[in-house]
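Each chain is listed here by its residues.
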Amino acid sequence: MLPGPGGRLSLLGALLALSGVLAIGYVSHRERDNAFCVSCHGPAGSNRPLHAAIFERYASSARPGPDMATAHAQASPKVRCIDCHGGTGVLGRARVLALSARDTALYLARWYREPEGMRIAPLRDADCTRCHDAFPIVSADEGEAAAIPFHGRVEHHDLPIACVACHEAHRGGDARLRYVRDETAVPQCRRCHEGFGEAAADPYGGY
């Protein structure tokens, strides 16, 4: 005996839910392979400048790496694309999966265009602090304060500034300065410290 309309709808809903779970499981498994990500986002020989250029630097064997993402790729254990771009927490992960489903549909319909920047931007601090969570606070007398690194100062622990406002993963920089560049960091400092960086002797505190 065939199920009634209500039963058929329930069965259809169950099949759709199962298909969704299987699709999420498959994508979550495959996206752990950088080659899977790059097969769509800037494959070799493509004219997609964003990810093609990013992945070329990311895969660089130069030491120190030309940018922070390359340094992460050379770390042990290696940091993959999805480790930073997979979304943190239930809501963050849901946003990424929803965007992936949208892009897949557009790709299959031949309407997809490689983005020129992050659609879910910027990376949230939680994406960084799940690995980088140990920033001990150092106390010192006023005369010694200049020697304390940026993250060691108690007044810097609750700033309304995202990690990626200073630490840009895919921009070139100096490994000795944790890839922090004056062009992006100094304007952030001046939000509180007027005239910061104008004097040659201004201390940067080791970032």
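The structure displayed is predicted, hence computed values, not measured ones. (Residues numbered from 1 in each chain as written. Predicted model: local features only at pLDDT ≥ 70, side-chain atom pairs only at ≥ 80, totals over all residues. Heavy atoms only, no water.)

Enquirer: What is the right way to look at the overall build of the protein in this model?
Expert: Within the protein one finds 8 helices and 0 strands. Starting at the N terminus and ending at the C terminus, the protein contains elements arranged as α-α-α-α-α-α-α-α. Residues classed as buried in the protein amount to 23% of the 207 residues present. Long-range contacts, defined as pairs at least 24 residues apart, comprise 47% of the intrachain contacts of the protein with a sequence gap of at least 6. (Helix = DSSP H or I, 4+ residues; strand = E, 2+ residues; numbered from the N terminus. Buried < 20%, exposed > 50% of the residue type's maximum accessible area, 1.4 Å probe, protein only. Contact = heavy atoms within 4.5 Å.)

Enquirer: Before we go on, may I ask you to explain the packing of aromatic side chains in this structure?
Expert: The description of an aromatic ring pair rests on the distance of the ring centres and on the angle between the ring planes. Tallied over the entire structure, the rule returns 1 aromatic pair. Measuring from ring centre to ring centre gives 5.9 Å for F55 and Y58, while their planes differ by 25 degrees; the resulting arrangement is stacked. One end of the pair, F55, and the other, Y58, are both in helix α3 (residues 49–58), 3 residues apart, so they sit about a helical turn from each other. (Phe/Tyr/Trp six-rings, centres within 6.5 Å; stacked < 30°, edge-to-face > 60°.)

Enquirer: Sorry if this is basic, but what is going on with unusual backbone geometry here?
Expert: Most peptide bonds take the trans configuration, and most residues that are not glycine carry a negative phi. Between R63 and P64 the backbone carries a cis peptide bond, its omega angle lying at -5 degrees. When you line up the elements, P64 lands in the loop between α3 and α4 (68–73). Of note, the bond from S76 into P77 is cis; its omega dihedral lies within 30 degrees of zero at 0 degrees. With respect to the secondary-structure elements, P77 resides in the loop between α4 and α5 (81–85). The phi dihedral of Y179 is positive, around 65 degrees, even though this residue is not glycine.

Enquirer: I keep staring at helix α6 (residues 89–108) and nothing clicks. Help me out?
Expert: In an α-helix there are 3.6 residues to a turn, and that puts residues three or four apart on one side. With 20 residues, α6 extends 28 Å between its outermost C-alpha atoms, agreeing within 8% with the 28 Å of an ideal straight helix rising 1.5 Å per residue. Looking one or two residues past α6, R110 carries a phi angle of roughly 65 degrees, positive in sign. (Expected span 1.5 Å × (residues − 1).)

Enquirer: Is there a simple way to explain the pattern of salt bridges in this structure?
Expert: If charged atoms from side chains of opposite charge come close, those side chains can pair. The final tally for this structure, using the stated rule, is 6 salt bridges. The salt bridge partner of D83 is R80, with a shortest N-O separation of 3.2 Å. A relative accessible area of 23% means that R80 is categorised as partly exposed. Bridged by salt links that share partners, the residues E168, R181 and E183 form one connected network. (Salt bridge = Lys/Arg side-chain N within 4 Å of Asp/Glu carboxyl O.)

Enquirer: Looking at this structure, I do not really get the side chain of Q188. What am I missing?
Expert: Note that Q188 resides in helix α8 (residues 182–189). Side chain to side chain, Q188 and R191 meet in a polar contact 3.0 Å long. With near-sequence residues (within four places) excluded, Q188 lies in contact with I161, A165 and C166. (Polar contact = N/O pair within 3.5 Å; in protein donor to acceptor, adjacent residues only side chain to side chain.)

Enquirer: Please explain the side chain of T70 as it appears in this structure.
Expert: The topology assignment puts T70 in helix α4. Looking at T70, the relative accessible area reads 0%, which means it is buried. Side chain to side chain, T70 and D67 meet in a polar contact 2.7 Å long. Excluding residues that lie within four positions of it along the chain, T70 makes contacts with R57, Y58, S60 and G65.

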